[in-house]
Amino acid sequence: MTKNIPPINSKIPHLPFGDHQDSPFYGRDIISVKQFNREHLDYIFDVAHEMYEMVARVGSFDLLKGKILASLFYEPSTRTSSSFTSAMERLGGSVIPINNVSYSSVTKGESLPDTVRTLEAYADVIVLRHPEVGSSALAAKYARKPIINAGDGIGEHPTQALLDLFTIHEELGQVDGLTVTLMGDLKYGRTVHSLARLLTLYDVKLNYVSPDLLSFPSELFDEIAATGISQASYQSLSPVLADTDVLYVTRVQKERFEDPVNHEALKGAYVVTTDTMTDAKEKMIVMHPLPRVWEIDMAVDEDPRAAYFRQMAYGQYIRMALLAMVLGKA
Ligand code: CP
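Residues numbered from 1 in each chain as written. Predicted model: local features only at pLDDT ≥ 70, side-chain atom pairs only at ≥ 80, totals over all residues. Heavy atoms only, no water.

### Considering the packing of aromatic side chains
A ring pair, where both rings are aromatic, is described by two values, the distance of the centres and the angle of the planes.
Turning to step 1, where the next piece is worked out: Here the structure, examined in full by the defined rule, presents seven aromatic pairs.
Turning to step 2, where the next piece is worked out: Ring centres 5.5 Å apart and planes at 50° place the aromatic pair Phe 25 and Phe 36 in the tilted group. With Phe 25 in the segment before helix H1 (38-58) and Phe 36 in the segment before H1, this pair connects stretches of sequence that are eleven residues apart. Across the pair, exposure class does not vary: Phe 25 and Phe 36 are buried alike.
Turning to step 3, where the next piece is worked out: Aromatic pair Tyr 308 and Phe 309: ring centres 5.2 Å apart, planes at 65°, arrangement edge-to-face.
Turning to step 4, where the next piece is worked out: An aromatic cluster of at least three residues, connected via ring pairs, comprises Phe 45, Phe 166 and Tyr 314. (Phe/Tyr/Trp six-rings, centres within 6.5 Å; stacked < 30°, edge-to-face > 60°. Helix = DSSP H or I, 4+ residues; strand = E, 2+ residues; numbered from the N terminus. Buried < 20%, exposed > 50% of the residue type's maximum accessible area, 1.4 Å probe, protein only.)

### Section: the sheet that holds strand E1 (residues 68-73)
The strands making up a sheet associate through hydrogen bonds between their backbones, and the pairing can be parallel or antiparallel.
Turning to step 1, where the next piece is worked out: Pairing in this open sheet of four strands is parallel, and the strands run E2-E1-E3-E4 from one edge to the other. Each having just a single partner strand, strand E2 (94-98) and strand E4 (147-152) make up the two edges of the open sheet. If you compare each strand with its neighbour and ignore which way they point, the axes differ by 15° on average.
Turning to step 2, where the next piece is worked out: Sheet topology note: the strand E3 (residues 125-130)/E4 ladder contains four bridges and is parallel. Directly across from His 130, in E4, lies its bridge partner Asp 152.
Turning to step 3, where the next piece is worked out: Sheet strands in contact with helix H4 (residues 135-142) are E3 and E4, and its direction is about 160° off that of E4. (Pairing = 2+ DSSP bridges. Axes fitted to C-alpha atoms, helices over the stretch in contact; angles between N-to-C directions. Contact = heavy atoms within 4.5 Å.)

### What to know about the site of the ligand
Turning to step 1, where the next piece is worked out: The environment of the ligand is made up of Ser 77, Thr 78, Arg 79, Thr 80, Arg 129, His 157, Gln 160, Pro 289 and Leu 290.
Turning to step 2, where the next piece is worked out: Contact distances for the ligand include 2.9 Å between a nitrogen atom and a backbone N or O atom of Pro 289.
Turning to step 3, where the next piece is worked out: Expressed as a share of its isolated accessible area of 260 Å², the protein-covered part of the ligand is 91%.
Turning to step 4, where the next piece is worked out: At a threshold of 2 Å from the grid points, most atoms of the ligand map onto the largest pocket.
Turning to step 5, where the next piece is worked out: Of the residues assigned to the shell around the ligand, the class counts are two nonpolar, five polar and two charged. (Near = heavy atom within 4 Å. Polar contact = N/O pair within 3.5 Å; in protein donor to acceptor, adjacent residues only side chain to side chain. Areas by Shrake-Rupley, 256 points an atom, 1.4 Å probe, with all protein chains shown as cover. 1 Å grid on protein atoms, 1.4 Å probe; cavity = no way out; pocket = protein on both sides within 12 Å on 5 of 7 lines; lining within 4 Å. Sits in = over half its atoms within 2 Å of the grid points. Nonpolar A, V, L, I, M, F, W, Y, C, P; charged D, E, K, R; others polar.)

Quick look at the structure:
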């Protein structure tokens, strides 16, 4: 008698009858925002919104009971690692936490491919943060279970971009028609790279505000220009603040400056204060992927337009949606 069991080299995890194996993300890796179209985003946001309502109503539920997530972090994280853990646990699943690889066999020289091949023997899905660009794609090549990219060096952070877009959607009710200003370290900031790419799926205007040293990568600028999106670069926020609907701030990284004098001279120009907010629209939001160091004054936290702590909280619902989707339960 033939058994309905997926082949051993299949990406498809074992699932009982009645699950949503027709979901577009079932058994898939989440590596780059380039995987998503508008229809996917609408679907993900609908599921995330349902997760939000379910958590508000019942706290946790057993959608992923019996499923195991391996959380593999080669770089520090507070939000991404803990929100994936809470997402899995709120859905009734459990987590193998490897949030400090120095206590794992990585210190004995074990390669990334061997590490993911080991973890997938015990888990149904692997979340990976790694300092090298392309590391999640490499892991996905070797893993039969879904890999979710939780940040690959200065490359991408797709789940952050999804939660960023979900934040805009929830807070402002729409994405089309908005002016989005990205400010700070636009060169090395992987969150802004992923978010800018996702925003090309909408009718938006993009402004880039940064010092020359940390300007938006020209290849990415050209890639976005090819989609027909309107973009402009500035060295100061003043010319664009009054028209901005979403001000997305990132950390200007001191460690990127060869001469600390340059950093000292520039950093004041990229600090959001209560004075900045007096010139901003009444209906707009300030976002930040966090952690913040000094680039948004703490006094701004009291302003209802300061959305960065709500943004961080939305991450849990997006990650609940993604886990449910790749495991065929959404
Ligand atoms: N936004 C973000 O990725 O935060 P963590 O580094 O704390 O995960």
